[in-house]
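Structure assessment
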Amino acid sequence: VFPQGGKEMFMVVDQKGVFRDKNFQKAVAAVTPQAKPDKNKELHKEEDSDIHKVVSMCVERNLDPVIVFSFSKKGVEGLS
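What comes next is a walk through the structure. (Residues numbered from 1 in each chain as written. Predicted model: local features only at pLDDT ≥ 70, side-chain atom pairs only at ≥ 80, totals over all residues. Heavy atoms only, no water.)

1. A few points about unusual backbone geometry
In this model, D64 is joined to P65 through a cis peptide bond whose omega is 5°. Examined against the element boundaries, P65 turns out to sit in the loop between α2 (50-60) and α3 (73-79). Positive phi, normally seen in glycine, also occurs at N62, with a value near 55°. The exposure class of N62 is exposed, given its relative accessible area of 65%. (Helix = DSSP H or I, 4+ residues; strand = E, 2+ residues; numbered from the N terminus. Buried < 20%, exposed > 50% of the residue type's maximum accessible area, 1.4 Å probe, protein only.)

2. Here's the deal with the environment of V54
In this structure, V54 sits in helix α2. Expressed as a C-alpha distance, the spacing of V54 and K7, which sit 47 residues apart in the sequence, is 9.5 Å. Beyond its immediate stretch of four places on either side in the chain, V54 contacts F2, M9 and V68. (Contact = heavy atoms within 4.5 Å.)

Spelled out as structure tokens, the structure:
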């Protein structure tokens, strides 16, 4: 899990499918409230966006290929 606005990723389910409650609690605690985006600014185009952070980290750690889900229609459109 990579919380929105977070700085690190948390493994909440390991390779054997075991749920890691402590990591889940850390991820929940790391969630930061986000300011409303400026409507004049393109969404998620900055290099410091959460999507960019996740993909970059996965590539750096040789965890690619990776699938990233976005549950925001505007976010997906901004990333296309």
